[in-house]
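Coordinate analysis (summary)
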Amino acid sequence: GRRCNMSCVTKIVQSSSFVSTNEEALALFLESPEVEELPDFRYKVPRFPLQFQDQAQEINFISLLHLLDVGSSYSHTLFSATGKSVTDKVKFAVMAMHIGGNTDFSAQWMSQLELDDVASFFKISLYQEKQLNDVMTAVEESPLRPYVRLVHETLKDAGDNLKEKGFKDFASCITSIAAASASEFLTKFGDIVPAFLDLEVYKGEETKIFRRIQNLALNLHFRFHEESSLFHFDVTDFVPYYPEIPRFFQKLGILKTVQDINLADRKQKIERDLEMELWAFSCHLCEQIHQKIQGKYTPAIPISTLGFFLYQKGVALNK
C-alpha cells in the first residue's frame, strides 16, 4: 500500500494508451521559481465553520468526507447539472448532515439511511419530468439517481462493516488502531471497512488503489498529530491524490492526453481508463519530482508534502 500502490502505478504508466509526459516541461518546472516555494510550504487541513463537541465527532466528519469521495464517473453529469464537483457536493452534503443534527454519524445511522434521505442531503432529484408531446409528460429517473444510489450503498456498506466488527462509528474504529505507520493504518482500516477500498477496473482488470484511505490517513495525521499520539504514524511515504494534481501538470504541459482533452473543463466526460492513467501518472510524476529534488533541501521534503503542494497549486488554478 505504500506510495499509492507503486507496482500498480508502474504497470499502468508502462501500458498507458491515453496519457504521456513531456520531460522538457518537467525540467522547466524543476528550474522554476515555483519549486523554490516548497521548503516553506506547510499543508493545513481544510477546517469547516462547524462546532464539534469532541475529537471523535470531528474524526467521524472527516472520515465521512473521504468515504463519500466516490462516483468520479458521474463528475461531468454532476457538474453540468449542479455546477459543483463531486468533492464540493460531498462537502456541502456532509455539512448539511452535521447541521441537521446527525452529528455522531454512527454506524447504525449510516446503515439505516434511505435513498431519499441521501438525495435530500445532496439536494439531488431522483426523478425528472420528460415532455412526451405538447400535452403529455412522463416521470423518469434523473441522470443523477445512479450517483445517489452509489453514495447510499457506500454509506450502508460502511455502516454494516463497522457494526459487524463491533464499532459504533469511524472514530471508535480509528482510535482502536494503534498504527506505527500510515501503511499499517491503511491495511488495518481497510480490513475493517472494505467499503473504503477503491476497487477500480483498468483495461478490464480489477485493481486496488487505496486512494480514499491514503487521503484519509494523511488528513487525520495533519489535523490531529499535534493533539494526539494516535496520529503520530509516519505518512512521509504517502502521496495524496486529487484530480487537481493532473490538472496542474497539464496546465504546465508536463502531462499530455490524447485528443488534447482539457482537464479543466469539468463538464467533459472522462473515461474510466483515462481517469486511472491520470491517477497513475500523477503518482509517477510526484515520485519523479521527489527523486530529482533529493539532496536539494534540508531538511528533506517528504513526498506527502510535495503531493499536497501540487494539489494546492491545482486548486489555485480554479480560483
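Residues numbered from 1 in each chain as written. Predicted model: local features only at pLDDT ≥ 70, side-chain atom pairs only at ≥ 80, totals over all residues. Heavy atoms only, no water.

1. So, the packing of helix α7 (residues 115-122) against helix α8 (residues 145-164)
Packing of α7 against α8 leaves a shortest axis separation of 9 Å and a crossing angle of 110°. Compared by their axis directions, α7 and α8 come out roughly perpendicular. The two elements α7 and α8 meet at a crossing, and its hand is right-handed. Side by side, α7 and α8 meet where L115, V118, A119 and F122 of the first sit next to R145, Y147, V148, R149, V151, H152 and L155 of the second. (Axes fitted to C-alpha atoms, helices over the stretch in contact; angles between N-to-C directions. Helix = DSSP H or I, 4+ residues; strand = E, 2+ residues; numbered from the N terminus. Parallel < 35°, antiparallel > 145°, perpendicular 65-115°, else oblique. Left-handed = near helix turned anticlockwise from the far one by under 90°. Contact = heavy atoms within 4.5 Å.)

2. Details of the nonpolar core
The biggest cluster of nonpolar side chains holds 108 residues, and the ones touching the most others in it are L64, F122, F170, F185 and F189. Of all the elements, helix α13 (residues 272-292) adds the most residues to this core, at 10 residues. Leaving out residues up to four positions away in the same chain, F122 has contacts with L68, K89, V90, A93, M97, Y147 and V151. (Core = buried A, V, L, I, M, F, W, Y, C linked by side-chain atoms within 4.5 Å. Buried < 20%, exposed > 50% of the residue type's maximum accessible area, 1.4 Å probe, protein only.)

3. Remarks on the packing of helix α2 (residues 23-30) against α13
At their nearest, the axes of α2 and α13 sit 11 Å apart, and the two run at 50° to each other. The angle between the axes of α2 and α13 places the two elements in the oblique class. The crossing of α2 and α13 is right-handed. Between α2, through E23, L26, F29 and L30, and α13, the contact on the second element is made entirely by L285, Q288, I289 and K292.

4. Looking at the packing of aromatic side chains
One pass over the full model with this rule turns up 19 aromatic pairs. Summarising the aromatic geometry, the rings of F170 and F189 are spaced 6.3 Å apart at their centres and angled 55° between planes, so their arrangement reads as tilted. With F170 in helix α9 (residues 170-174) and F189 in helix α10 (residues 182-192), this pair connects stretches of sequence that are 19 residues apart. F189 carries the same exposure label as F170, and that label is buried. Taken together, the aromatic side chains of F48, F52, F61, F105, W109 and F121 make up a single cluster linked through ring pairs. It is K91 that lies over the ring of F92; its NZ or CZ is 6.0 Å from the centre. (Phe/Tyr/Trp six-rings, centres within 6.5 Å; stacked < 30°, edge-to-face > 60°. Lys NZ or Arg CZ within 6 Å of the ring centre and 35° of its normal.)

5. So, the environment of M97
If you trace the backbone, M97 turns up in helix α5 (residues 86-99). Relative accessible area serves as the criterion here: at 0%, M97 is assigned to the buried category. Note: C-alpha distance between M97 and F189 (92 residues apart in sequence) is 24 Å. Excluding anything up to four places from it in sequence, M97 contacts L64, L68, N102, F105, W109, F121 and F122.

6. Some remarks on the side chain of E275
You can see E275 is positioned in helix α13. Among the polar contacts made by the side chain of E275, one reaches the side chain of R272 at a distance of 2.4 Å. Once residues within four sequence positions are removed from consideration, E275 is found in contact with S72, S73 and I270. (Polar contact = N/O pair within 3.5 Å; in protein donor to acceptor, adjacent residues only side chain to side chain.)

7. Focus: unusual backbone geometry
Residues T298 and P299 are joined by a peptide bond in cis, for which omega reads -5°. Here P299 lies in the loop between α13 and α14 (303-317). Its identity is not glycine, yet K203 carries a phi of approximately 50°, on the positive side. Take K203: it is sitting in the loop between β4 (199-202) and β5 (205-208). When its relative accessible area of 40% is taken as the criterion, K203 is described as partly exposed. Unlike most non-glycine residues, F210 shows phi in positive territory, near 60°. For F210, a relative accessible area of 14% corresponds to the buried category.

8. Here we look at the pattern of salt bridges
Throughout the structure, instances matching the rule amount to 17 salt bridges. Between E141 and R145 there is a salt bridge, with its nearest N and O atoms 3.4 Å apart. Three or more residues are tied together by salt bridges with common partners; here these are D69, D198, R211 and R212. (Salt bridge = Lys/Arg side-chain N within 4 Å of Asp/Glu carboxyl O.)

9. Some remarks on α13
Here α13 spans 30 Å end to end across 21 residues, near enough to the 30 Å set by a 1.5 Å rise per residue. Counting buried positions over the 21 residues of α13 gives 16, a clear majority of the element. (Expected span 1.5 Å × (residues − 1).)

10. Re the confidence of the model for the protein chain
Of the residues in the protein chain, 98% have a pLDDT of 70 or more, and the chain-wide mean is 88. Summarising per-element confidence for the protein chain, the mean pLDDT is lowest in strand β2 (residues 127-131) (79) and highest in α8 (96). (pLDDT = per-residue confidence, 0-100.)

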